[in-house]
Amino acid sequence: MALRFRPLHASFGAEVIGADLASDLDAAMIAQIEAAWLRYSILLFRDVAMTPAQHVAFTRRLGPLHVMEPLEFNLPGFPEVMVASNIEKDAKPIGMKRAGWGWHSDGEDKVLPNAGSFLYALELPPTDGDTLYADTYAAFAALPDDVRARIMGRRACFSRQRFHQVYYPHLPPLTEEQKKARPDVWQPIARHHPKSGWTSLYIGRWAYRIEGMPDNEAGELIEYLKDFATRPEFVYRHRWRVGDALLWDNRCTQHCATPFDDTKYTRLMHRTTLEGEKPLMAERPVPRPQMAMA
Ligand SMILES: O=C(O)CCC(=O)C(=O)O
Ligand SMILES: [Fe+2]
């Protein structure tokens, strides 16, 4: 059966119509989903009713899964399902609180950043708590020529150690063991997508230095690039409904969870995460071709 796709934004993102993720999809349907994921970068499935086991089983069809750390934020019995939530049970958080409140792509501070993530909304506040997504192929293509020339061939340093307490002040500091497991990593800023071949702008909130550039100059350029990548014209705002599941490609998008009143309301999301590969440097800019969205 052919799936249908309804665009979410002028340049990227589509809602997928006609796939029942709780069922055992045939190979032809998985191939359609993969092709659409590559083309649109983010895919939305609505009115999904899947168990954690079905969530894991579907994601696994797209590639090997990544088990997130710390393990305590994963669903008991389902290490591949990360819980993002402000809910506490017996005075203990059941998941990661304030996860992703700031622009980033998942795992950008790791040696092997995650290829994709698949987030499923189970419980939502009555207002707020939207998630923003930025199209970093479009951002790369729109960069002024002189800026593009400055970043081609260069790598930025992404540092969990430097920013962990800045972005997660409510979490304990990293232990010595965690620090060892999370060294600073250097990644290409102009990133070649291994499957599409297109170039994206790879930057995010964990970045702070650029090789071959004095730190003050790098700092300014990183701030500029972070702002540029998330300009309103590149951003899709997702207003969640319970039962929405959103699959995104971390290699060519960024996302940002927006706050809600977490002293008053609860929000519960389950996420599976796809293992990634070492980011590749784009040798020359290859823009995503113009395509009709529908
Ligand atoms: O909860 C959200 O809206 C997104 C959190 C996040 O950054 C993630 O799940 O990767
Ligand atoms: Fe995230």
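Look up a bit, the structure's there.
Reading guide: rules and limits
- Residues numbered from 1 in each chain as written.
- Chains lettered and ligands numbered in written order.
- Predicted model: local features only at pLDDT ≥ 70, side-chain atom pairs only at ≥ 80, totals over all residues.
- Heavy atoms only, no water.
- Salt bridge = Lys/Arg side-chain N within 4 Å of Asp/Glu carboxyl O.
- Helix = DSSP H or I, 4+ residues; strand = E, 2+ residues; numbered from the N terminus.
- Buried < 20%, exposed > 50% of the residue type's maximum accessible area, 1.4 Å probe, protein only.
- Pairing = 2+ DSSP bridges.
- Contact = heavy atoms within 4.5 Å.
- Axes fitted to C-alpha atoms, helices over the stretch in contact; angles between N-to-C directions.
- Near = heavy atom within 4 Å.
- Polar contact = N/O pair within 3.5 Å; in protein donor to acceptor, adjacent residues only side chain to side chain.
- Areas by Shrake-Rupley, 256 points an atom, 1.4 Å probe, with all protein chains shown as cover.
- Nonpolar A, V, L, I, M, F, W, Y, C, P; charged D, E, K, R; others polar.

Trainee: Could you give me a rundown of the pattern of salt bridges, with the residues and numbers involved?
Mentor: Taken as a whole and judged by the stated rule, the model has 21 salt bridges. Across the pair R241 and D47 runs a salt bridge whose closest N-O atoms are separated by 3.7 Å. Here R241, found in the loop between β15 (235–238) and β16 (245–249), pairs with D47, found in the loop between β3 (42–45) and α2 (52–60); they are 194 residues apart in sequence, far enough to count as distant. For R241, a relative accessible area of 40% puts it in the partly exposed group. Of the charged contacts, one joins D130 and R239 as a salt bridge, the two residues approaching to 4.0 Å between their closest N and O atoms. Of the two residues, D130 is situated in the loop between β8 (116–123) and β9 (131–135) and R239 in the loop between β15 and β16; the sequence distance between them amounts to 109 residues. Classification of R239 by relative accessible area gives exposed; the value is 55%. Look at the salt bridges and you will find they share partners, linking R191, D249, R251 and E277 into a network.

Trainee: Give me the sheet that holds strand β1 (residues 4–7): which residues, what numbers.
Mentor: Sheet architecture is open: 8 strands sit in the order β1-β2-β3-β16-β8-β18-β5-β4, paired in mixed fashion. Each edge of the sheet is formed by a strand with only one pairing partner; in this case those strands are β1 and β4 (74–75). For β4 and strand β5 (residues 78–85), the ladder comprises 2 bridges, and the chain directions are antiparallel. Its bridge partner being in β5, N74 is matched across the sheet by M82. On top of the sheet, helix α1 (residues 27–40) reaches β1, β2 (14–17), β3, β8, β16 and β18 (268–274); it is set at about 130 degrees to β3, its chief contact. Running over the sheet, α2 touches β3, β4, β5, β8 and β18 and is turned about 30 degrees from β18.

Trainee: Outline the environment of Q290, supporting the account with residue identities and numerical values.
Mentor: Position of Q290 relative to the elements: it lies in the segment after β19 (280–281). Q290 sits in the exposed class, given a relative accessible area of 80%. It is 8.8 Å that separates the C-alpha atoms of Q290 and S11, two residues lying 279 residues apart in sequence.

Trainee: I'd like to hear about the site of ligand 1, residue by residue, with values.
Mentor: Around ligand 1, the surrounding shell consists of A99, G100, H104, D106, L119, T131, W248, H255, A257, R267 and R271. At 3.1 Å from an oxygen atom of ligand 1 is found a side-chain nitrogen or oxygen belonging to H255. When ligand 1 sits alone it has 290 Å² of accessible area, and the protein chains cover 98% of it. A breakdown of the residues in the shell around ligand 1 according to their chemical character gives 4 nonpolar, 4 polar and 3 charged.

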